[in-house]
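Coordinates in review
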Amino acid sequence: MMREFFYLQKSDRKVVLALLIVIVIALGVIFFTSSPDISTPSRNSRASGYARNTISSPLPTRQVERFFFDPNTADSTQLQRLGLQNWQIRNIYKFRASGGIYRKPLDFARLYGLTVKEYRELEPYIRISPDYLPAATLVKERIATANHDTAIVRHYPQKISDTAHVVLNTADTTELMKIPGIGPYFARKIVQYGQRLGGYVSVDQLDEIENFPTEVKRFLVVEKATPQKLNVNKLTLNELKRHPYINFYRAKDITDYRRLHGPLHSLNDLRLSRDFPPEIIARLAPYLEF
């Protein structure tokens, strides 16, 4: 090939060399323009890197606090600390700007987007200033003074100090509402659940109430627990299953054992049943007699 090249005429050799030079230059241009520039990240790579950083670094969770507040005067910072969303805070400001007044704690439950659970958590901390009560209440106060009636009707009794305690099995709803963090709803739940149990034997049983604020247990004590006893050898299936710790299947195991083997002498007679594991037997022990 090279030998034939030298036999070409001089003008032809120039043409061939020119074509070769053009080809080499074209290949060089294609090579350098198609190779990626590793030193300068593309817009897509920067975007993907930003997305990765955003996903791997989530925004910090806002810490929710609980403290006494008046929805008629609380500012946006306080409302944010209580866990309310920004759009809910704007709705509160619009309501107040239009002349709206929260006259009682239940009025705050009308806030758009507020769930029942959130309201129950906030309810014990709502304090409406007397300045926002209807002016007609002044007439009632004067009548009460004229009749030497010094009793003050309050929706929420005065709260106890941090070192005080309330006896769980003897307290009524009014006394329970004196505990910081306990409002009418949980006061009723505490009394009702204690009646179903037949009396509390431990403060930790309050955790069995749905959404119960566990931090308030430090104000409660159980003294000389004497729970009501259930005679498992005499009660019917329907009577047994009324207790929170005895469901239908456990009541049926008890009645079946009595029918097949006679009276029970202890819960250990049912230890082979899968519905009576050791932890259930321990929970039931204070409430049963044989």
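Everything here concerns the structure above.
Residues numbered from 1 in each chain as written. Predicted model: local features only at pLDDT ≥ 70, side-chain atom pairs only at ≥ 80, totals over all residues. Heavy atoms only, no water.

1. Describing the overall build of the protein chain
The helix and strand tally for the protein chain stands at twelve helices and four strands. Every one of the 290 residues in the protein chain was classed for burial, and the buried ones make up 30%. For the protein chain, contacts bridging at least 24 residues in sequence account for 51% of all contacts bridging at least 6. Carbon together with sulfur atoms contributes 57% to the accessible area of the protein chain, which is approximately 20,400 Å² in total. (Helix = DSSP H or I, 4+ residues; strand = E, 2+ residues; numbered from the N terminus. Buried < 20%, exposed > 50% of the residue type's maximum accessible area, 1.4 Å probe, protein only. Contact = heavy atoms within 4.5 Å. Areas by Shrake-Rupley, 256 points an atom, 1.4 Å probe, with all protein chains shown as cover.)

2. Digging into a positive patch on the surface
Taken together, the side chains of R120, R188, K189 and R196 make up a positively charged region of the molecular surface. No other element matches the three residues that helix α9 (residues 184-197) contributes to the positive patch. By secondary structure assignment, the location of R120 is in helix α6 (residues 116-122). For R120, a relative accessible area of 31% puts it in the partly exposed group. (Patch = residues over 30% accessible without salt bridge, like charges linked within 9 Å, V, L, I, M, F, W, Y side chains within 5 Å. Salt bridge = Lys/Arg side-chain N within 4 Å of Asp/Glu carboxyl O. Lys, Arg positive; Asp, Glu negative; His and termini not counted. Charge placed at Lys NZ, Arg CZ, Asp CG, Glu CD.)

3. Focus: empty space enclosed by the protein
To find leftover empty space, a probe the size of one water molecule is rolled over the atoms. This model, assessed by the stated rule, comprises one cavity of 30 Å³ or more. Counted as a void, the largest cavity has a volume near 50 Å³. Lining the largest cavity, in full, are K117, R120, E121, Y185, F186, E210 and N211. Residue assignment for the lining of the largest cavity shows that the elements contributing at least two residues are α6 and α9. Considering each element in turn, the lining of the largest cavity owes the most residues, three residues, to α6. (1 Å grid on protein atoms, 1.4 Å probe; cavity = no way out; pocket = protein on both sides within 12 Å on 5 of 7 lines; lining within 4 Å. Points joined across faces, edges and corners; volume = space filled by probe spheres on them.)

4. As for the packing of aromatic side chains
Tallied over the entire structure, the rule returns ten aromatic pairs. Here the aromatic rings of W87 and Y112 are separated by 5.9 Å at their centres, their planes lie at 65°, and the arrangement is edge-to-face. With W87 in helix α5 (residues 86-97) and Y112 in the loop between α5 and α6, this pair connects stretches of sequence that are 25 residues apart. We classify W87 as partly exposed; its relative accessible area is 36%. Both rings, one in F186 and one in F212, keep their centres 5.7 Å apart while their planes meet at 90°; by these two values the pair is edge-to-face. You can see F186 sitting in helix α9 and its partner F212 sitting in the loop between α9 and β2 (220-221), a full 26 residues away along the chain. The ring of F67 has R81 lying over it, and the distance from NZ or CZ to the ring centre is 4.4 Å. (Phe/Tyr/Trp six-rings, centres within 6.5 Å; stacked < 30°, edge-to-face > 60°. Lys NZ or Arg CZ within 6 Å of the ring centre and 35° of its normal.)

5. Some points on α9
Every α-helical turn comprises 3.6 residues, leaving residues that sit three or four positions apart pointing alike. Compared with the 20 Å implied by 1.5 Å per residue over 14 residues, the 20 Å span of α9 between its first and last C-alpha is a close match. The set of residues buried in α9 consists of Y185, F186, A187, I190, Y193, G194 and L197. Buried positions along α9 lie against α6 and α8 (173-176). Note on α9: the residue one or two positions beyond its end, G198, has a positive phi of about 95°. (Expected span 1.5 Å × (residues − 1).)

6. A look at α5
In a regular helix each residue adds 1.5 Å, so twelve residues correspond to 16 Å; α5 covers 16 Å between its end C-alpha atoms and thus fits that length. The elements touched by buried residues of α5 are α4 (76-81). Looking one or two places after α5, you find G99, whose phi comes out positive at around 100°.

7. Considering the pattern of salt bridges
If you walk through the whole model with that rule in mind, you get eight salt bridges. A salt bridge links R81 to E65; its shortest N-O distance comes to 3.0 Å. Here R81 is found in helix α4, whereas its partner E65 is found in the loop between α3 (43-56) and α4, with 16 residues between them in sequence. Take R81: its relative accessible area is 32%, and that puts it in the partly exposed class. According to the relative accessible area criterion, E65 is partly exposed, its value standing at 32%. Through salt bridges with shared partners, one network takes in D204, D207 and K217.

8. Some points on the nonpolar core
Within the largest apolar cluster, 38 residues are counted, with the highest numbers of intra-cluster contacts made by L176, I179, I182, I190 and L206. Here the element with the most residues in this core is α9; it accounts for six residues. The contacts of L206, once residues within four sequence positions are left out, are L168, I190, Y200, F212, K217 and L220. Residues F69, L84, Y119 and Y125 belong to the second largest nonpolar core, which totals 17 residues. (Core = buried A, V, L, I, M, F, W, Y, C linked by side-chain atoms within 4.5 Å.)

9. A few points about unusual backbone geometry
In this structure, N211 takes a positive phi of about 60° despite not being glycine. Here N211 lies in the loop between α9 and β2. For N211, a relative accessible area of 41% puts it in the partly exposed group. Despite not being glycine, K224 shows a phi value in the positive range, around 50°. Topologically, K224 is positioned in the loop between β2 and β3 (230-231).

By themselves these figures say nothing about function.
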